Amino acid sequence: MLNSDKVSITNIVKHIRSSERKFKEGNFIGALEDKREVKLILNSKFCNKEIVKQFKKELSSLYSSKFDLINDHKLRLDESQIKKIVNLLEQKSDEKYRKGDFKGAIRALRRSEKYLAN
């Protein structure tokens, strides 16, 4: 059960960083579980727009790169197209998760977050 105590940017950042650490260590299931926890928090009734804004800012710093093809691609897309791509990647992640392909699932989810980053 999710409560208002869990909905803080500090808690979300903790889960994001934990997920990245687990991903780099090859613990794809653990990384995926952390990402899913963040998604639950963000979709909860306790989460506000300011927390979502800070979440996207954290993603930007996490995924910043000198050579970022997704960021270049985002410049050519409008908000509805980005939303469509994010939904597609999240569906792909869910499908791979159900099939037991945890590495593929976390990769699709990470890619969708790159589209969300500012």
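Predicted model only: the values in this text are computed from it and were never measured.

So, about the environment of Ile70. Looking at the element boundaries, Ile70 is found in helix α4 (residues 69-74). Taking relative accessible area as the criterion, Ile70 reaches 14% and is therefore assigned buried. Non-local contacts of Ile70, meaning those with residues more than four positions away in its chain, are made with Arg111, Lys114 and Tyr115.

For the rest of this paragraph, the subject is the confidence of the model for the protein chain. For the protein chain, per-residue confidence averages 84 on the pLDDT scale, and 87% of positions sit at 70 or higher. By mean pLDDT, α4 is the weakest element of the protein chain at 70, and helix α5 (residues 79-99) is the strongest at 93.

For the rest of this paragraph, the subject is a positive patch on the surface. A grouping of Lys92, Lys103, Arg107 and Arg111 is seen on the molecular surface, where their side chains present a positively charged patch. Here the element with the most residues in the positive patch is helix α6 (residues 102-116); it accounts for three residues. Topologically, Arg107 is positioned in helix α6. Judged by relative accessible area, Arg107 falls into the partly exposed class, the value being 43%.

On to the pattern of salt bridges, then. Following the criterion strictly, the structure yields eight salt bridges and no others. Notably, a salt bridge pairs Asp34 with Lys22, separated by 3.1 Å at the nearest N-O pair. Of this pair, Asp34 sits in helix α2 (residues 28-42) while Lys22 is found in helix α1 (residues 9-25), placing the two residues 12 residues apart along the sequence. For Asp34, a relative accessible area of 10% corresponds to the buried category. Classification of Lys22 by relative accessible area gives partly exposed; the value is 23%. For the salt bridge of Lys39 with Glu90, the shortest nitrogen-to-oxygen distance reads 3.6 Å. Of this pair, Lys39 sits in helix α2 while Glu90 sits in helix α5; the two residues are 51 residues apart in sequence, bridging distant segments of the chain. Relative accessible area serves as the criterion here: at 32%, Lys39 is assigned to the partly exposed category.

Each value, and the rule that gives it
Throughout this description, residue numbers start from 1 for each chain and increase along the sequence as written. Thresholds applied to this predicted model are a pLDDT of at least 70 for local features of residues and 80 or more for the giving and counting of side-chain atom pairs; totals over whole chains, interfaces and linings are not thresholded and use all residues. Side-chain measures here rest on the full set of heavy atoms in the structure, leaving out hydrogens and waters. Only DSSP runs of H or I reaching four residues or more are called helices, and only runs of E reaching two or more are called strands; each is numbered from the N terminus. The classification of residues rests on relative accessible area computed with a 1.4 Å probe and restricted to protein chains. Under 20% of the type maximum is buried, over 50% is exposed, and intermediate values are partly exposed. Should any heavy atoms of two residues lie within 4.5 Å, those residues are considered in contact. Per residue, pLDDT captures the predictor's confidence, and it can take any value from 0 to 100. For patch detection, residues must exceed 30% relative accessible area and be free of salt bridges, and they are connected within 9 Å for like charges or within 5 Å for nonpolar side chains (Val, Leu, Ile, Met, Phe, Trp, Tyr). To be clear on the numbers: accessible area is Shrake-Rupley with a 1.4 Å probe, and residue cover counts the displayed protein chains and nothing else. Any carboxyl oxygen of Asp or Glu that lies within 4 Å of a side-chain nitrogen of Lys or Arg is treated as forming a salt bridge with it. Think of it this way: Lys and Arg go in the positive column, Asp and Glu in the negative one, and His and the chain ends go nowhere. Every charge is mapped onto a representative atom, which is NZ of Lys, CZ of Arg, CG of Asp or CD of Glu.

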